[in-house]
Amino acid sequence: MDRPAVAELMSEVAAAVTRRVAVVREDVYETIVREIPQLRDDKPVLALLASSVDSNVDTCLQIMQHRIDLSAVPAPAAAVEYARRLAQRGTPLTALLRAYRVGHACFTDWVLKELAQHPADAEMVSAATLSMSRAVAGYIDYISEKMVEAYGQEREIWLRNRSAARAARIRDLLSGERIDVSAAEVTLGYRLRQYHVGVVCWAGDAAGTTEEITRLERAISHVAGQAACHGDPLFLPRDESSAWAWLPLGSRDGFDAAAVDKAEMDDDIHFAVGDAAKGTRGFRVTHQQATAAQAVALASGSPAPRAVTFSQVAPVAMMLTSRELLRPWVLGTLAGLAADDEHHARLRETLLVFLESGGSYKTTAEWLRLHKNTVQYRVRKAQESIGRPVGENRSDVELALRASHWLGSAVLEPATALDAR
């Protein structure tokens, strides 16, 4: 087949389509908008989509009409800007690429219909069809790569800038500074005038990779789903293995920590949770409670529990602010009961439940699933280890037992050291 003749036929067809280019542009645009609802709903950039379609249609026709080499063709400015805008709005890249596939099919129909009306013989038409299809596909492949590059670069810049802006707003909120609440809500994409619960999330065996943050964000989303939150949680990475988050509760003034246990996630992910609190002040307070609860979970040096709530550890968390005084106080309060071994751990657990139950042997036995006589024996031995009746300073003993329960060896004495006294 005579290649120059095929190229000439392709040029003639492109020129014929160019004479009707306004109708072609409109058809391609309307087809894309009809087929891809995600693009149709983004009204602020529909005009830019139209400009992108116009420039791509014109460029492709010029390539075929004037036999322009693709390597000499810059990406249309409107098309690049449209890709950037979609990246800024979080529209999936798949929607952008599908727009090019849909537009490709529609534009190709116009070109081939025009070719079918040409009086050339069947062999010439067949060769031109193949050549034109290759030219259009080549342009779409070329421009798609350019759009993916523009989208990726803009998305990275936009996410970095958005993260910086959100982090700055969160810092202002946590510092207690006066802020424009409405403006902060827009920046954060999160409603502040509601109840929230603060969460600290971390990976216990983290390898220090960016994938850890993805795991943490996914885990927070699962917890929010189990808790039936009113919207998406606010998530802020702190480093490569920990993050802060706020779960939106709407008008609900309580949070069921069981949502953490019900959520599907990896075993090495841990949570510290504050109490539900309202408004900007509550945003700050529940976060402070969550970080205090995390401090308790990490202080013992032993593997942290899956989840710890501030309500569980509030007295211990506040005692940790004077850590240099806490251990001597626990040792002085519990005396021999502070031995860090399994036997005394059982005695401490039994005595703590006994005190929390109001001194009921029956309730303690039911809670620990022990015989009542066993409970009585352990309580007696625990008091003997302390060296005086618990009733003399009951509140102090209970606090010291809670501290030892959560902090373990960090506030206890090795059994051998006590034996040596």
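Please refer to the structure placed before this passage.
Here we summarise the structure given alongside this text. These numbers come from a predicted model, not from an experiment.

1. Looking at the pattern of salt bridges
As enumerated under the stated definition, the model contains 16 salt bridges in all. Between glutamate 35 and arginine 34 there is a salt bridge, with its nearest N and O atoms 3.9 Å apart. Exposure remark for glutamate 35: the relative accessible area of 35% places this residue in the partly exposed category. One salt-bridge network, in which partners are shared between bridges, spans Glu81, Arg84, Arg85 and Glu154.

2. As for unusual backbone geometry
A negative phi angle characterises most non-glycine residues, just as the trans form characterises most peptide bonds. Located in the positive-phi region is alanine 228, a residue other than glycine, with phi close to 55°. Secondary-structure assignment places alanine 228 in the loop between helix H9 (210-226) and strand S2 (234-239). Since its relative accessible area comes to 52%, alanine 228 is described here as exposed. The phi torsion at alanine 335 lies on the positive side, around 55°, for a residue other than glycine. With a relative accessible area of 26%, alanine 335 lands in the partly exposed category.

3. As for the environment of arginine 85
Inspection of the secondary structure puts arginine 85 in helix H5 (residues 77-89). Arginine 85 sits 154 residues away from aspartate 239 along the chain, and the two C-alpha atoms are 29 Å apart. For arginine 85, the contacting residues outside a window of four places in its chain are Val45 and Leu48.

4. A closer look at the side chain of histidine 344
Looking at the element boundaries, histidine 344 is found in helix H14 (residues 342-356). With a relative accessible area of 15%, histidine 344 lands in the buried category.

5. Observations regarding the nonpolar core
Counting 55 residues, the largest nonpolar core has Phe283 and Leu351 as the members making the most contacts within it. Not counting residues within four places of it along the chain, the set of residues in contact with leucine 351 comprises Leu337, Val379, Ala382, Ile386, Val390, Val397 and Leu401. If you look at the next biggest cluster of nonpolar residues, it comprises 50 residues, including Val28, Ala79, Val111 and Ala150.

6. Side note on the packing of helix H13 (residues 323-334) against helix H17 (residues 394-407)
Two elements in contact, H13 and H17, have axes whose closest approach is 9 Å; the angle formed by their N-to-C orientations is 120°. Taken together, the axis directions place H13 and H17 in an arrangement best described as oblique. Here H13 runs over H17; the crossing is left-handed. Contacts between H13 and H17 involve Leu326, Trp329, Val330, Thr333 and Leu334 from the first element and Asp396, Val397, Leu399, Ala400, Leu401, Ala403, Ser404 and Leu407 from the second.

7. Some remarks on helix H4 (residues 46-66)
For H4, spanning 21 residues, the distance from its first C-alpha to its last is 30 Å, which sits close to the expected 30 Å at 1.5 Å a residue. Backbone geometry just downstream of H4 places arginine 67 in the positive-phi region, at approximately 55°.

8. Concerning the packing of helix H2 (residues 21-35) against H4
Where H2 meets H4, the closest approach of the two axes is 9 Å, and the angle between their N-to-C directions is 130°. When the interaxial angle is binned, H2 and H4 end up oblique. Crossing of H2 over H4 shows right-handed handedness. Only Leu46, Leu49, Ala50, Val53, Asp54, Val57, Asp58 and Leu61 of H4 make contact with H2, whose side of the interface consists of Val21, Val24, Arg25, Val28, Tyr29, Ile32 and Val33. Taken together, the residues that form the contact of H2 with H4 break down as 12 nonpolar, no polar and three charged.

9. What about the packing of aromatic side chains?
Under the defined criterion, the tally for this structure stands at three aromatic pairs. Centroid distance tryptophan 246 to phenylalanine 283: 4.3 Å. Interplanar angle 5°. Geometry classified as stacked. In this pair, tryptophan 246 sits in strand S3 (residues 242-250) while phenylalanine 283 sits in helix H11 (residues 279-299), placing the two residues 37 residues apart along the sequence. Across the pair, phenylalanine 283 and tryptophan 246 agree in class, each one buried. Grouped by ring-pair contacts, the aromatic residues Tyr190, Trp246 and Phe283 constitute a single cluster.

10. Here's the deal with the pairing of S3
The buried fraction of S3 is high, at nine of nine residues. Judged by which residues are buried, S3 turns out to be covered on both faces: Ser242, Trp244, Trp246, Pro248 and Gly250 on one side and Ala243, Ala245, Leu247 and Leu249 on the other are all buried. Sheet topology note: the strand S1 (residues 195-203)/S3 ladder contains eight bridges and is antiparallel. The partner of valine 199 across the bridge, within S3, is alanine 245. What sits between S2 and S3 in their antiparallel hairpin is a turn of two residues.

11. What about helix H1 (residues 3-18)?
Along its 16 residues, H1 runs 22 Å from first to last C-alpha, staying within 8% of the 22 Å computed at 1.5 Å per residue. Turning to H1, its buried residues are Val6, Ala7, Leu9, Met10, Ser11, Val13, Ala14, Ala15, Ala16 and Val17. For H1, the elements touching its buried residues are H2, H4, helix H6 (93-116) and helix H7 (122-175).

12. Some remarks on the side chain of serine 144
In this fold, serine 144 is placed in helix H7. Given a relative accessible area of 14%, serine 144 falls into the buried group. Aside from chain neighbours lying at most four places away, what touches serine 144 is Leu97 and Tyr100.

Calculation criteria
Residues numbered from 1 in each chain as written. Predicted model: local features only at pLDDT ≥ 70, side-chain atom pairs only at ≥ 80, totals over all residues. Heavy atoms only, no water. Salt bridge = Lys/Arg side-chain N within 4 Å of Asp/Glu carboxyl O. Buried < 20%, exposed > 50% of the residue type's maximum accessible area, 1.4 Å probe, protein only. Helix = DSSP H or I, 4+ residues; strand = E, 2+ residues; numbered from the N terminus. Contact = heavy atoms within 4.5 Å. Core = buried A, V, L, I, M, F, W, Y, C linked by side-chain atoms within 4.5 Å. Axes fitted to C-alpha atoms, helices over the stretch in contact; angles between N-to-C directions. Parallel < 35°, antiparallel > 145°, perpendicular 65-115°, else oblique. Left-handed = near helix turned anticlockwise from the far one by under 90°. Expected span 1.5 Å × (residues − 1). Nonpolar A, V, L, I, M, F, W, Y, C, P; charged D, E, K, R; others polar. Phe/Tyr/Trp six-rings, centres within 6.5 Å; stacked < 30°, edge-to-face > 60°. Pairing = 2+ DSSP bridges.

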